[in-house]
Amino acid sequence: GLPGRVLASGKALWIEDLLKDDNFPRKNVAQEVGIKSGFCVPIKKGDKIAAVCEFFSLTSSALNESWLKIIEQAAEQFGKLLQKRDDEQNMKNNLSQLQRTLKTLHGTQVQLIHSEKLASVGHLAAGIAHEINTPIQYVGDNTRFLQEAFLTLTNLLSKIETDTIP
């Protein structure tokens, strides 16, 4: 039919007498309602056809270039409007995605800061433990040395006492 031909060609089409057009499948309906002529224009979003508009007349009329040009321009503007709406929707979707990404990045940043704080506390705790452990280890090692030395001296004194006493 008329919209199919416009969809296939991508160009406007004017039919002066629908009843005489062999490629118009709805001749019976057109005759019943009294439609004589029609034209059809594509509405394009960018390079693709988004819709096809059909217009019919109760009178048979020859191709009117000025009318067709006006309708084509209106269809072009409508297509640009549809494209603009799609572009705005894409921008809104992109903005929403960017906002979600920003929120995720902020959450990740908070986690990283928290992890860094915990790592710093762990490093500080390890340093403090080392500073406490070193003197304790020193005291412990010297205490063991003194115990062993005292035991040796005690044994030596015992031996001396037992050897010198008759």
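This is a predicted model, so every value here is computed, not measured.

Novice: Can you help me understand the overall build of the protein chain in this one?
Specialist: If you tally the helices and strands in the protein chain, you get 3 helices and 3 strands. Secondary structure elements in the protein chain, listed N-terminal to C-terminal, are α-β-α-β-β-α. The C-alpha atoms of the protein chain give 48 Å as radius of gyration, which overshoots the globular expectation for 166 residues (15 Å, by more than 25%). C-alpha extents for the protein chain along the principal axes are approximately 155 × 25 × 25 Å. Evaluated residue by residue, the protein chain yields a buried proportion of 14% over its 166 residues. Within the protein chain, contacts between residues separated by at least 24 positions form 52% of all contacts whose residues are at least 6 apart in sequence.

Novice: What exactly am I supposed to notice about the pattern of salt bridges here?
Specialist: Oppositely charged side chains can pair when the atoms bearing their charge come close. A full pass over the atoms with the stated rule returns 8 salt bridges. Residue D21 pairs with R5 through a salt bridge whose shortest N-O separation is 3.2 Å. Here R5 lies in helix 1 (residues 2–9) and D21 lies in the loop between strand 1 (13–15) and helix 2 (27–33), a separation of 16 residues in the sequence. The class for D21 is buried, based on a relative accessible area of 17%. Take R5: its relative accessible area is 24%, and that puts it in the partly exposed class.

Novice: Would you take a moment to explain the sheet that holds strand 1 for this structure?
Specialist: Within a sheet, neighbouring strands are paired by backbone hydrogen bonds and run either parallel or antiparallel to one another. Ordered in space as 1-2-3, the 3 strands form an open sheet in which the pairing is antiparallel. Only two strands of the sheet have a single neighbouring strand rather than two, namely strand 1 and strand 3 (48–57). Pairs of neighbouring strands in the sheet enclose a mean axial angle of 15°, with direction left out of account. Of the pairings in the sheet, the one linking strand 2 (residues 37–45) to strand 3 comprises 9 bridges and is antiparallel in character. Within the sheet, the bridge partner assigned to S37 lies in strand 3 and is S57. Relative to the sheet, helix 1 contacts strand 1, strand 2 and strand 3, its axis offset from that of strand 3 by approximately 145°.

Novice: Explain the side chain of S37 here, please?
Specialist: Note that S37 resides in strand 2. Of the polar contacts made by the side chain of S37, one reaches the backbone oxygen of T59; its length is 3.0 Å. For S37, the contacting residues outside a window of four places in its chain are I15, E16, L18, F55, F56, S57, T59, S60 and S61.

Novice: What is the right way to read the environment of E16 from this model?
Specialist: Locating E16 in the fold gives a position in the loop between strand 1 and helix 2. A relative accessible area of 42% means that E16 is categorised as partly exposed. In this structure E16 touches K36, S37, S60, S61, A62 and L63, once residues within four positions along its chain are discounted.

Novice: Quick question: what am I supposed to make of the packing of aromatic side chains here?
Specialist: Both the distance between ring centres and the angle between the ring planes are used here to describe each pair of aromatic rings. Counting across every chain of the model gives 3 aromatic pairs. With a centroid separation of 4.7 Å and 5° between ring planes, the pair formed by W14 and F39 is classed as stacked. Pair noted here: W14 is in strand 1 and F39 is in strand 2, with a separation of 25 residues, a long-range link. Given the relative accessible area of 17%, W14 is considered buried.

Novice: Explain the state of the cysteines to me, please; I cannot follow it from the model alone.
Specialist: By definition, a disulfide links two cysteine residues through a covalent bond between their sulfur atoms. The final tally for this structure, using the stated rule, is 0 disulfides. Here C40 stays unpaired: no disulfide links it, and the sulfur of C53, its closest cysteine neighbor, is 7.4 Å away. Among the residues examined, C40 registers a relative accessible area of 0% and is labelled buried.

Quick notes on the rules
Residues numbered from 1 in each chain as written. Predicted model: local features only at pLDDT ≥ 70, side-chain atom pairs only at ≥ 80, totals over all residues. Heavy atoms only, no water. Helix = DSSP H or I, 4+ residues; strand = E, 2+ residues; numbered from the N terminus. Rg over C-alpha atoms; globule rule 2.2 N^0.38 Å. Buried < 20%, exposed > 50% of the residue type's maximum accessible area, 1.4 Å probe, protein only. Contact = heavy atoms within 4.5 Å. Salt bridge = Lys/Arg side-chain N within 4 Å of Asp/Glu carboxyl O. Pairing = 2+ DSSP bridges. Axes fitted to C-alpha atoms, helices over the stretch in contact; angles between N-to-C directions. Polar contact = N/O pair within 3.5 Å; in protein donor to acceptor, adjacent residues only side chain to side chain. Phe/Tyr/Trp six-rings, centres within 6.5 Å; stacked < 30°, edge-to-face > 60°. Disulfide = S-S within 2.5 Å.

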